[in-house]
Amino acid sequence: MKEITCKLLVIGAGPGGYVCAIRAGQLGVDTVIVEMAKPGGTCLNIGCIPSKAIIHAADDFAKTVAMAAGKNAMGIKADNPAIDLAKTMAWKDGITGRLTLGVAGLLKKAGVKIVVGRAKFRDGKTVAVETETGEQVIRAENIVIATGSAPVELPMLPFGGLASPSGAKVISSTGALSLTEVPARLAVVGAGYIGLELGLAFAKLGAKVTIVEALDRILPLYDTQLTQPVAKRLAALGVEVLLGTKVKGMSSNGEALLAETGSGEERRIAADKILVTVGRKPVTEGWGREELELDMDGRFLRIDEQCRTSMRGIYAVGDVTGEPMLAHRAMVQGEMVAEIVSGKRRAWDKRAIPAVCFTDPEIVSVGLSPDEAKAAGREIKIGQFPFSANGRAMTLSAEEGFVRVVARADNHLVLGIQGVGAGISELSAAFSLAIEMGARLEDIAGTIHAHPTQSEAFAEAALKALGHALHI
Amino acid sequence: MAEKLIKLPDVGEGVAEAELVEWHVNVGDLVREDMVLAAVMTGKATVEIPSPVDGEVTFRYGEIGDVIATGTVILKIRIAGEGAGDEEEIEGGDSGEEPRVKPAIPPVAALEQASEKKVEPLKPKAEIAASPPVAKALPHAAGAPRAEGEKPLAPPAVRLRAKEAGIDLRQVPGTGPAGRITHEDLDAFLNSQPGSGAIAAGLQPNKAVQEVKVVGLRRRIAEKMALSKSRIPHITYVEEIDMTALEELRTRMNGTQKPGRPKLTILPFLMRAMVKAIAEQPGINALYDDEAGIIRHYGGVHIGIAAQTPSGLVVPVVKHAEARDIFDCAHEVARLSDAAKNGTALREELSGSTITISSLGAMGGIVSTPVINHPEVAIIGVNKLAVRPHWDGAQFVPRKMMNLSSSFDHRVIDGWDAATFVQRLKALMETPALIFVEE
């Protein structure tokens, strides 16, 4: 096949890679992107988007079930709700299908050439792609590694283990997002955000869910104030959460998951499916890293503030470059690299990367938590406002949760904003903007927040920190 | 040891509170009498609070931005080497001196006063007190200084601009709330950036770049010029012309002017000379359609006169110069250039030329390289008329000399033809009677 030469080659069309390629195309950079599966990466195909679809379906279903059980305070009744999970999955696949087509269209519109296949470095300027029709060699002035991440596997519970007519018993998040029947009993290993999001969803869909976590708390990245409403909801849904419990493996008959609690007690957790969500690992193998001299930073590729690796002309963006492994971080990195390659001066200068857990209720965190601020030697003021005092939250039957603002005591500069509550993910925009713009408590308190909305809790939290909240 | 309590002074105008805007001391700092401790701001002015004593700061109340009631104790200063225990209340500024009030924009007198103070005999405290108002009064001179290791605070748009300008924001003082760096701070920093590091001389590099959109007439001129210069290989030929005789005739004609007749400039003489020369060389008065590969020789001599107007160069056209006598030519040139300057020239009056004259009069210089008005094939440039010494074979005599710089489209006019044409003009103008001879 005829060799391709280009100015920019992007390996991987996930959020980091495809954004990089689109932006480069817009800037007139001659760009090629290589992807072995569908464009959109983990996020669009087997991550963010499909999981949110399933979570939404599960929420709706759980509400209907509650109505049928006569537990709806608004007086809505329903009869015998049922869910056809295969149909739910088809609906979800329709969404991801539209989005991946959309990404392909955007790439095309930006003039980016898409090569489908598995890329492998030959040297720092050359990549060979195994395509359906043979090997395609691509030479590029600049190469962006955007190979992403993959679920971590436990040696005693390999993915795909114990195959049965209904598919493998041990599944990753990818497997969970393509189940066509709700398992009667689901064991979830790992109480991080992926395990909890999916565990909660399947509990709502009717599975008996047991979550096993080695640490002594759920969502270890968030403080207990933020996770407490989630713990409460887990209990209300009948999800058993075994903290400080280590997974030992499968029972010999393959019926149950074996675990050992903190007190040394052996537990047999009978399960139809075992969902392992113990984290994600960067994809640093399988694309010819051994042909290059790339410095590592632990498990990740080492990058500088311009996403440059230790080799000239080779950049890396997204999950392969480290925590937080979030799509929006990758996208901004990708955009920045495209602009750098086009000759603009750019460097990573963000003050905060928002993080959202789509648990029930949702959790948002932007910037520093109170503990992190204190650890950084700051004297701080904290303002927290509960949704139980917010009119809109009451009308939504979503009074659980709060918004919390952390600011410097001396000049009231906002250092962090966290919150937990139904639908709070959408407030993350205001939180991020406040921090990125360098807002002080007075700026937030001095902004008119529409009534009646949950966003009023944000202004009230700032007022609270200033010592004069109005509605509490 | 005695402690002095410094209270927020009554800053006048009946205000009961003031905003704390600057702290100059921390707890534990040693201060000297008259040294500025803090500054507070009312709606109108900033007031500095000087120390009434020498001593050590033991207590400080309030953070920058706090609004504090008059009379609140804001500082305690332990006075070294004095008797025990007694506290003394002092209102800041009430130490036998008026509080120093600095208006937002200092009157010149204040600046002078401040600099005068510096010259006062050695009294270090006076200097300390005197210099800050000067520095502070300058716009954007400084925000609250960032503490060491503190990251600069700026919104994303400011960061982007700084990045593109190659500015390290750590160097830029921020005047916004919480020391936030605003667009104005960045402007001030960019403007104060010395090119070489030497600011002292008072010469400041101006880094301002103003973008002016090329629109309207300017864009048409730009396109026309680019077209002419890119399509036409120019040959420019310069010859000097002895204008003494023509000038003598012109002066006489203007002197014996009938009322109502226009004053004659050189242009109408040149125009008539061109008509004559063109009669012999019709190839000069032509339009070359290079795409069709056709040259159109015109019987009518339509002379464009390049004229400067407030919005740029326009070329009004004197139609059928061959059918106009010299006064008619003069009249038409005057009328058209007025119309062009006033913007009242009609479309037809600004198009249809077959040859062009470019003349800047007294600004004409010695040589120019006129750009041919596409698709014409020749342009005659008139340079400045000046008295120059001329060797007449025996001696130098003063003659009125003028150069003609003329450009020709070398694709269709050979150097020989160009030279012949200009030499013909020279002959006609040096012996102006020939211009008027009917053949």
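Everything that follows concerns the structure shown earlier in this document.
For the structure given in this document, a descriptive report is provided here. (Residues numbered from 1 in each chain as written. Chains lettered and ligands numbered in written order. Predicted model: local features only at pLDDT ≥ 70, side-chain atom pairs only at ≥ 80, totals over all residues.)

### Some points on the overall build of chain A
In terms of helices and strands, chain A carries 13 helices and 24 strands. Taken over 472 residues, chain A has a buried fraction of 46%. Summarising the internal contacts of chain A: among those between residues at least 6 apart in sequence, 64% fall at separations of at least 24. (Helix = DSSP H or I, 4+ residues; strand = E, 2+ residues; numbered from the N terminus. Buried ≥ 20, exposed ≤ 12 C-beta atoms within 10 Å, placed from the backbone. Contact = placed C-beta atoms within 7 Å.)

### What to know about the overall build of chain B
Tallying secondary structure elements over chain B gives ten helices and 19 strands in all. In chain B, once contacts between residues fewer than 6 apart in sequence are set aside, the share between residues at least 24 apart is 64%.

### A short note on the nonpolar core
All names here are of chain A. Judged by nonpolar contacts, the single largest core of 95 residues is most densely connected at Val189, Val405, Val414 and Ala462. With eight residues, the top contributor of residues to this core is helix α6 (residues 193–204). Contact partners of Val189, with chain neighbours within four places excluded, come to Leu154, Leu157, Val212, Val247, Ile274, Leu275, Val276, Thr277 and Val278. (Core = buried A, V, L, I, M, F, W, Y, C linked by C-beta atoms within 7 Å.)

### Looking at the interface of chain A and chain B
With twelve residues of chain A at the interface, the matching set in chain B holds 15 residues. Within the side of chain A that touches chain B, the residues separate by chemical class into three nonpolar, three polar and six charged. (Nonpolar A, V, L, I, M, F, W, Y, C, P; charged D, E, K, R; others polar.)

### Here's the deal with the sheet that holds strand β23 (residues 402–408) of chain A
Neighbouring strands of a sheet are bound in pairs by backbone hydrogen bonds; such pairs are parallel or else antiparallel. All names here are of chain A. Here we have five strands laid out as an open sheet, ordered β20-β21-β24-β23-β22, and antiparallel in their pairing. Of all strands in the sheet, those bounded by a partner on one side alone are β20 (355–357) and β22 (380–386). Taken pair by pair, the neighbouring strands of this sheet meet at an average axis angle of 10°, ignoring direction. Pairing of β23 with strand β24 (residues 414–421) involves six bridges; the strand directions are antiparallel. Of the residues in β24, the one forming a bridge with Arg404 is Gln418. Sitting on the sheet, helix α13 (residues 456–465) is in contact with β22 and β23, with an inclination near 140° to β22. (Pairing = 2+ DSSP bridges. Axes fitted to C-alpha atoms, helices over the stretch in contact; angles between N-to-C directions.)

### Points about the sheet that holds strand β13 (residues 256–260) of chain A
Residues and elements named next belong to chain A. Spatially, the three strands line up as an open sheet ordered β12-β13-β14, and their pairing is antiparallel. A strand with exactly one partner marks an edge of an open sheet, and here the two such strands are β12 (246–250) and β14 (266–270). Going from strand to strand, the sheet's axes swing by 30° on average, the running direction of each strand aside.

### Quick look at the pairing of strand β6 (residues 55–60) of chain B
All names here are of chain B. In this sheet, β6 lies alongside strand β3 (residues 30–31) in antiparallel orientation, the contact comprising two bridges. Note on β6: the bridge partner recorded for Val31 is Gly55. For β6 and strand β8 (residues 73–79), the ladder comprises four bridges, and the chain directions are antiparallel. Its bridge partner being in β8, Phe59 is matched across the sheet by Lys76.

### Structural notes on helix α1 (residues 15–26) of chain A
All names here are of chain A. Compared with an ideal rise of 1.5 Å per residue, which puts twelve residues at 16 Å, α1 spans 16 Å between its outermost C-alpha atoms and is within 8% of the ideal. Within α1, eleven of the twelve residues are buried, which leaves it mostly tucked inside the rest of the structure. Within the sequence span of α1, burial applies to Pro15, Gly16, Gly17, Tyr18, Val19, Cys20, Ala21, Ile22, Arg23, Ala24 and Gly25. Structurally, α1 contributes buried residues whose contacts are with β1 (4–11), β2 (31–35), α2 (41–46), α4 (85–109), β6 (134–145) and α8 (327–341). Note on α1: the residue one or two positions beyond its end, Gly28, has a positive phi of about 80°. (Expected span 1.5 Å × (residues − 1).)

### Considerations on unusual backbone geometry
Trans peptide bonds make up most of the peptide bonds, and negative phi angles are found at most residues other than glycine. Here His451 of chain A and Pro452 of chain A are connected by a cis peptide whose omega angle stands at -5°. Among the structural elements, Pro452 of chain A can be located in the loop between α12 (441–445) and α13. With omega at 5°, the peptide bond leading from His374 of chain B into Pro375 of chain B counts as cis. Unusually for a residue other than glycine, Asp34 of chain B sits at a positive phi of about 80°. Following the sequence through the fold, Asp34 of chain B ends up in the loop between β3 and β4 (36–41).

### Observations regarding the packing of α1 of chain A against α8 of chain A
Residue and element names in this part refer to chain A. Contact geometry for α1 and α8: axes closest at 7 Å, N-to-C directions at 30°. Here α1 is positioned roughly parallel relative to α8, judged by the angle of their axes. The two elements α1 and α8 meet at a crossing, and its hand is right-handed. Between α1 and α8, the contacting residues are Pro15, Gly16, Gly17, Val19, Cys20, Arg23 and Ala24 on the first element and Ala327, Ala330, Met331, Gln333, Gly334, Glu335, Val337, Ala338, Glu339 and Val341 on the second. A breakdown of the residues in the contact of α1 with α8 according to their chemical character gives ten nonpolar, four polar and three charged. (Parallel < 35°, antiparallel > 145°, perpendicular 65-115°, else oblique. Left-handed = near helix turned anticlockwise from the far one by under 90°.)

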